[in-house]
Amino acid sequence: MESLPLHISHVQTLSIFVNRSHALIHSIALACLIYYRASFLFEDKDPKTKDTPLILPWLLVFASELLLSFIWFLGQAYRWRPITRTVFPERLTDDDKLPSIDVFICTTDPNKEPTVGVMNTVLSAMALDYPPEKLHVYLSDDGGSPITLHGMKEACWFARWWLPFCRRYRIKTRSPEAYFSTSKDGDEGSGSSEFITERQKIKEQYEVFVKSITEVRQRGEPVDGSRITSRNHPSVIEVIQGNSNDTVQVDEAKMPLLAYVAREKRPSHSHHFKAGALNVLQRVSSVISNSPYILVLDCDMYCNDPTSAKRAMCFHLDSKISPSLAFVQFPQKFHNISDHDIYDSQLRSVFSIQWQGLDGLQGPVLSGTGFYIKRVSLYGSFKQDIDLEELKQSFGSSNELIKSIRGNYKPNVINGQHGLLKETQLLASCTYENDTKWGKKVGFLYDSVVEDYFTGFILHCKGWISVYCDPLRPQFLGSCTANLNDFLIQGMRWSSGFVEVAFSKFCPLIYGPPRMSILQSMCYGELAFHPTIYSLSLWCFATIPQLCLLNGIPLYPKVSNSYFVIFLFIFLSALSKHLYEVLLTGGSFLTWRNENRIWMMRSITSHLYGSLDAIMKKIGMREASFLPTNKVVDDAQVKLYQMGIFDFQTSNMFLVPMVTLIILNMASFFGGLVRVIFLGYWDQMFVQVFISFYILLMNFPIIEAMIIRKDKGRIQPSVTLLSTLFSTIFLLLGSMILHC
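Residues numbered from 1 in each chain as written. Predicted model: local features only at pLDDT ≥ 70, side-chain atom pairs only at ≥ 80, totals over all residues. Heavy atoms only, no water.

**Some remarks on the pattern of salt bridges**
- Counted by the stated rule, this structure contains 20 salt bridges.
- Across the pair Glu 433 and Arg 283 runs a salt bridge, and its minimum N-O distance is 2.8 Å. Note that Glu 433 is positioned in the loop between helix 12 (417-427) and helix 13 (451-461) and Arg 283 in helix 7 (residues 273-286), a separation of 150 residues in sequence. A single burial state applies to Glu 433 and to Arg 283, both of which are buried.
- A salt bridge links Arg 473 to Asp 305, with the nearest nitrogen and oxygen atoms 3.6 Å apart. Of the two residues, Arg 473 sits in the loop between strand 12 (465-468) and strand 13 (476-478) while Asp 305 sits in the loop between strand 8 (302-303) and helix 8 (308-316), which places them 168 residues apart along the sequence.
- Its relative accessible area of 27% is what places Arg 473 among the partly exposed residues.
- Judged by its relative accessible area of 7%, Asp 305 falls in the buried class. (Salt bridge = Lys/Arg side-chain N within 4 Å of Asp/Glu carboxyl O. Helix = DSSP H or I, 4+ residues; strand = E, 2+ residues; numbered from the N terminus. Buried < 20%, exposed > 50% of the residue type's maximum accessible area, 1.4 Å probe, protein only.)

Take a look at the structure:
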């Protein structure tokens, strides 16, 4: 008798019909637009005719339309076959037959990633609903901070109180900070006096735990008195052993293994950021626990539901897909999303539309956090019959690591501490990867700062698949960016990484098609090229039509021309399809407006600078860099975010382009109105006047921050003056070029 399935998938038939129908109709309209533009170039034109546009601005606008059409075409692959999945963890095998799991958590800087928050993530991972003897939690501390190590020891102490409490009352929210900040969690026995007493006792122990970390933090000196820096320190590996004399729960022995790992860092060696840290964790864990599956978490992404491990195993233990399944990806969701979400921090389109569409192809992109990956998938083209020397050329000189890779190694953490420590320090040294294939063909790959995207792409190219699991209750919750500065810096880093891949030998549109489906390649290509295409196109649409409007040069068909309907249809078609998807995924009209607005802001700043950064690195003018997102809460910034008010306290490199384009469009709009009213060019110039009006309408918060607001989050007058100067220079130079 065939056993019940561990999971089922649901094809979204209605969405497929809507998506494909819209794609067909929209494609026909785009073909008409391209025909109009192309045929106009070959018409015989009288240069003395006023409504004949100059060839350069016409070509620039046409090129931008082609670029946007191309990226739209690539994006249709997401919408070709979206699916959703349902899992049945209750049908899994007995706990004693489940495979072991290693949890990797990465942190870099306690000044930007508060230690208490990091330890809450560690505790939530330790408290997963999974056999504790089969769970091993590793924290990578790239800053080598004694404060973080102290926090780990305190977390181990508090876990002896916290874990039994969670198991006994089946607590759902297993991050202590999140749990104690909410009034209800649906706990078993939550109304009993015994539970209330126990909860109060655990809360008091948690306050002691927080106080201990805070006091060390406030002293501002290393716990052990050492003087090390975040970029220059030896490797420190420690399996945390609790030695508290406190009386705790009877099942205190059932604790997951907890390990602290600070890899060696020296200024003269490249460390490859998060990918390098994950590869060190992969090697160190191989000789300590060597679990076949790995859960990767960002330091602020705590486990919001203890069942995620068993949900992932519903896929990994399915004999039909397990041999080719590399990873199970859960969506990134955030606990501090405001009702307005003015920065689109929830990444709604990515996790509600694009990843579901990819799941119907070869699987979603590896997304940095919240994924359970099969360890062997990171070993490259490893085969069991490869000789020892060839293995060492790939994986390095450690015999213990080679044994673990071959599967004939049984770690002994308790009885082999001294030898284990020596071996792990070798594996975490900054020279271990020299002359090996780590980061090139083995482990998480180094050719891009978006190591997750690039590693997932190569895995899919090798024939692996992935699945997307999105239960109703978020499995993981993190902290979203709550201010414009962090949002744009994060976007710039991502854009740089995507463009690095786009203009490399691994370009998804060239390297991908022979190795994966064309639709999957299109999705990866859309991600890789969208920063460059959006930045170029939007800069063109925000400047060229406006410049031509002020100089009386029409770039679009007259309102009375039949082709005007084509342009109008494409505009309305794109906006209405976006609105449909927003409403379908639980958003509102305000969500749609905010997403359009932040897309414009991001395209002319983050996407532009990220693309330039990638190109400069490609030609050797700049070294790779990585700025971790700031996780420290600023109450004033959070208040503005929750109120739906933009905080423009950011660098001038972001503000000046935005304000310059707003001033340019204000001049264009009012100048265009004057031209239309007094010179009667309404029929010819309507589209260009409307473009300026639409840009101003969607970006009204910038105008408000320039003129009306007086709070700290406003745009400073000096920025407005500098932007006015730049827009004036552009208009003067542009007019001179157009009239040459």
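**A short note on the packing of aromatic side chains**
- In the structure shown here, the tally under the stated rule is 48 aromatic pairs.
- Centre to centre, the rings of Tyr 36 and Tyr 563 are 4.9 Å apart; their planes meet at 35°, and the pair counts as tilted. Placement of the pair is Tyr 36 in helix 1 (residues 13-41) and Tyr 563 in helix 18 (residues 563-584), with a sequence separation of 527 residues.
- Exposure remark for Tyr 563: the relative accessible area of 24% places this residue in the partly exposed category. (Phe/Tyr/Trp six-rings, centres within 6.5 Å; stacked < 30°, edge-to-face > 60°.)

**What to know about a nonpolar patch on the surface**
- Judged by side-chain polarity, Leu 722, Leu 725, Phe 726, Ile 729, Leu 733 and Met 736 come together as a nonpolar surface patch covering roughly 550 Å² of accessible area.
- Along the chain, Leu 725 turns up in helix 25 (residues 717-738).
- The exposure class assigned to Leu 725 is partly exposed, which follows from its relative accessible area of 47%. (Patch = residues over 30% accessible without salt bridge, like charges linked within 9 Å, V, L, I, M, F, W, Y side chains within 5 Å. Areas by Shrake-Rupley, 256 points an atom, 1.4 Å probe, with all protein chains shown as cover.)

**Let's talk about helix 19 (residues 589-604)**
- For helix 19, built from 16 residues, the straight-helix expectation of 22 Å at 1.5 Å per residue is met to within 8% by its first-to-last C-alpha distance of 23 Å.
- For helix 19, the tally of buried residues reaches 12 of 16 residues, placing the bulk of the element in the interior.
- Of the positions making up helix 19, those classed as buried are Thr 591, Trp 592, Asn 594, Glu 595, Asn 596, Arg 597, Ile 598, Met 600, Met 601, Arg 602, Ser 603 and Ile 604. (Expected span 1.5 Å × (residues − 1).)

**Topic: the confidence of the model for the chain**
- Model confidence for the chain is summarised by a mean pLDDT of 90, while 91% of its residues fall at 70 or above.
- Counting contacts from residues 247-252, a segment whose pLDDT is below 50, to residues more than four positions away or on other chains yields 11 contacts. (pLDDT = per-residue confidence, 0-100. Contact = heavy atoms within 4.5 Å.)

**Brief notes about the nonpolar core**
- In terms of nonpolar packing, the biggest core is built from 134 residues, with Ile 101 and Trp 162 touching the most fellow members.
- At 13 residues, helix 4 (residues 146-169) tops the list of elements feeding residues into this core.
- With near-sequence residues (within four places) excluded, Ile 101 lies in contact with Tyr 130, Lys 134, Leu 135, His 136, Ser 291, Tyr 293, Leu 295, Ala 309, Met 313 and Tyr 372.
- Counting 41 residues, the second largest nonpolar core, distinct from the first, contains Phe 327, Phe 371, Leu 378 and Tyr 379. (Core = buried A, V, L, I, M, F, W, Y, C linked by side-chain atoms within 4.5 Å.)

**Description of the sheet that holds strand 7 (residues 293-298)**
- A sheet is described by the order of its strands in space; here eight strands give the open sequence 5-6-4-3-7-11-9-12, paired in mixed fashion. Every other strand in the sheet has two partners, leaving strand 5 (236-239) and strand 12 as the edge strands with one partner each. Adjacent strand axes in the sheet meet at a mean angle of 20°, parallel and antiparallel pairs treated alike.
- Bridge count between strand 5 and strand 6 (residues 257-262): four bridges; the pairing is antiparallel. The residue of strand 6 that forms the bridge with Ile 237 is Val 261.
- In this fold helix 13 packs onto strand 9 (325-329), strand 11 (371-374) and strand 12, with an angle of close to 140° to the strand it touches most, strand 9. (Pairing = 2+ DSSP bridges. Axes fitted to C-alpha atoms, helices over the stretch in contact; angles between N-to-C directions.)

**What to know about unusual backbone geometry**
- Within the chain, Leu 347 stands out as a residue other than glycine whose phi angle is a positive 50°.
- When you line up the elements, Leu 347 lands in the loop between strand 10 (333-334) and helix 9 (348-359).
- Residue classification places Leu 347 among the buried positions, given a relative accessible area of 15%.
- One non-glycine residue, Asp 435, adopts positive backbone phi at about 60°.

**Things to note about the side chain of His 607**
- Secondary-structure assignment places His 607 in helix 20 (residues 606-618).
- In this structure His 607 comes out as buried when scored by relative accessible area, which is 4%.
- Of note is the side chain of His 607, whose polar atom sits 2.9 Å from the side chain of Ser 495.
- Excluding residues within four positions of it along the chain, His 607 makes contact with Ser 495, His 530, Pro 531, Tyr 534, Ser 535 and Arg 602. (Polar contact = N/O pair within 3.5 Å; in protein donor to acceptor, adjacent residues only side chain to side chain.)

**Examining the sheet that holds strand 10**
- What the three strands build is an open sheet, ordered 8-13-10; its pairing is mixed. Of all the strands in the sheet, just strand 8 and strand 10 have a single pairing partner and so form its edges.
- Of the strand pairs in this sheet, strand 8 and strand 13 are connected by two bridges, and their pairing is antiparallel. Directly across from Cys 303, in strand 13, lies its bridge partner Phe 476.

**Side note on the environment of Val 689**
- Topologically, Val 689 is positioned in helix 23 (residues 682-698).
- In this structure, the C-alpha to C-alpha distance between Val 689 and Gln 642, residues 47 residues apart in sequence, is 34 Å.
- What Val 689 contacts, discounting residues up to four positions off in sequence, is Leu 549, Phe 669, Gly 672, Leu 673 and Val 676.

**Here's the deal with the packing of helix 16 (residues 518-541) against helix 19**
- Contact geometry of helix 16 with helix 19 gives a least axis separation of 8 Å together with a crossing angle of 100°. In terms of orientation, helix 16 lies roughly perpendicular with respect to helix 19. On the side of helix 16, the interface is formed by Tyr 534, Ser 535, Leu 538 and Trp 539, while helix 19 contributes Trp 599, Met 600, Ser 603 and Ile 604.
- Residues of the contact of helix 16 with helix 19, tallied by class, amount to six nonpolar, two polar and no charged. (Parallel < 35°, antiparallel > 145°, perpendicular 65-115°, else oblique. Nonpolar A, V, L, I, M, F, W, Y, C, P; charged D, E, K, R; others polar.)

**Some details on helix 10 (residues 388-395)**
- Along helix 10, the residues classified as buried are Leu 391, Ser 394 and Phe 395. An end-on view of helix 10 places all buried positions within 80° of arc, on one side of the element. Residues of helix 10 that are exposed and point more than 90 degrees away from the buried face comprise Glu 389 and Gln 393.
- Buried residues in helix 10 make contact with helix 11 (399-406). (Arc of directions from axis to C-beta.)

**Quick look at the side chain of Arg 79**
- In this fold, Arg 79 is placed in the loop between helix 2 (55-75) and strand 2 (83-87).
- By relative accessible area, which is 14% here, Arg 79 ends up buried.
- A distance of 2.9 Å separates a polar side-chain atom of Arg 79 from the backbone oxygen of Gly 75.
- Once you skip the residues sitting within four places of it in the chain, Arg 79 turns out to touch Asn 19, Ile 353, Lys 577 and Glu 581.

**Here we look at a positive patch on the surface**
- On the surface, Lys 437, Lys 441, Lys 462 and Lys 505 cluster together to form a positively charged patch.
- As for its position among the elements, Lys 462 is in the loop between helix 13 and strand 12.
- A relative accessible area of 40% places Lys 462 in the partly exposed class. (Lys, Arg positive; Asp, Glu negative; His and termini not counted. Charge placed at Lys NZ, Arg CZ, Asp CG, Glu CD.)

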